[in-house]
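Chains, contacts and geometry: an overview
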Amino acid sequence: MRGLIFKSIAALAAIILYSVLYGVAVANSPVEVVALFKNRAVIKTTNGQEMLSIGQTSQAGVTLLAADQNGATVRYSDETIDLKLSSRVGARFVESPTKAVRISQDQLGQYRVRGAINGQYVNFLVDTGASIVAISAREARKMGLPYETGRRGMVQTAQGHTDAFFLKLDKVTVGAIDVHGVEATVIDGDFPVDVLLGMSFLNNIRLEDERGVLTLSSTF
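Residues numbered from 1 in each chain as written. Predicted model: local features only at pLDDT ≥ 70, side-chain atom pairs only at ≥ 80, totals over all residues. Heavy atoms only, no water.

Section: the packing of aromatic side chains
Going through the model one piece at a time under the given rule, you end up with one aromatic pair. On the numbers, 5.4 Å between centres and 65 degrees between planes, the contact of Tyr147 with Phe165 is edge-to-face. A residue pair is termed long-range when its members are at least 10 positions apart, and Tyr147 in the loop between α2 (137–143) and β11 (151–157) and Phe165 in strand β12 (residues 160–174) qualify at 18 residues. An identical accessibility class is assigned to Tyr147 and Phe165; each is buried. (Phe/Tyr/Trp six-rings, centres within 6.5 Å; stacked < 30°, edge-to-face > 60°. Helix = DSSP H or I, 4+ residues; strand = E, 2+ residues; numbered from the N terminus. Buried < 20%, exposed > 50% of the residue type's maximum accessible area, 1.4 Å probe, protein only.)

Here it is in structure tokens:
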């Protein structure tokens, strides 16, 4: 009986020691989760805070594997770590509403939609072949966009090489979807007639093309 009690005490001591060491390790962990969303989380490291979606890797090398209202699972320094909300930061789970815009094809099989750049209304042509948002100088002047302060360069168009300016737009809006800090080019002349909604915007959202209806959706 005494031997059994001794073993139980030893086991209990081992558990307590493990808990203390584990608690210290967690407290000193260089990775914290400070906000949780469905399939996304705000991860804090010594480099600062970053919002990550599942599969994304932060500048500090943290990869988000899973996230829900209960916590997040990350990959860091070749280890898989389960994280709860940091006790030092107040945050809670938020079910992000999906923002979606549905666009029907026109007679030419193209997708056009009304939107805004920096609060100024424009007509967009969705163009997955354009690497960035493209605006004619004529349209940029109508919006009062100070594009000439941008970086001067050249672009390839159907008419050949054309002078252009490269800049970053404060906000591009389509329906309820806002994307900030969008790379764009302003092309000398009157073309394109509609602003080309290129991949510098489209890479930030999800696209679904079904039976002639293009759905743009975002949950951020």
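Next comes the rest of the description.
Considering the side chain of Ser200
Looking at the element boundaries, Ser200 is found in helix α3 (residues 199–202). Within the local environment of Ser200, its side chain forms a polar contact with the backbone nitrogen of Val133, the two atoms lying 3.1 Å apart. Side-chain polar atoms of Ser200 contact the backbone oxygen of Glu183, separated by 2.7 Å. (Polar contact = N/O pair within 3.5 Å; in protein donor to acceptor, adjacent residues only side chain to side chain.)

Structural notes on unusual backbone geometry
Comment: phi is negative for the bulk of residues other than glycine, and the bulk of peptide bonds are trans. That bond from Phe191 to Pro192 is cis: its omega, 5 degrees, falls within 30 degrees of zero. Looking at the secondary structure, you find Pro192 in the loop between β13 (177–187) and β14 (195–197). Notably, Asp78 is not glycine yet its phi reads approximately 65 degrees, a positive angle. Considering the arrangement of structural elements, one finds Asp78 in the loop between β5 (71–76) and β6 (79–83). Residue Asp78 is classed as exposed on the basis of its relative accessible area, which comes to 68%. Residues other than glycine seldom take positive phi values, yet Asn118 does so here, at roughly 50 degrees. For Asn118, the location among the structural elements is in the loop between β8 (112–117) and β9 (120–126).

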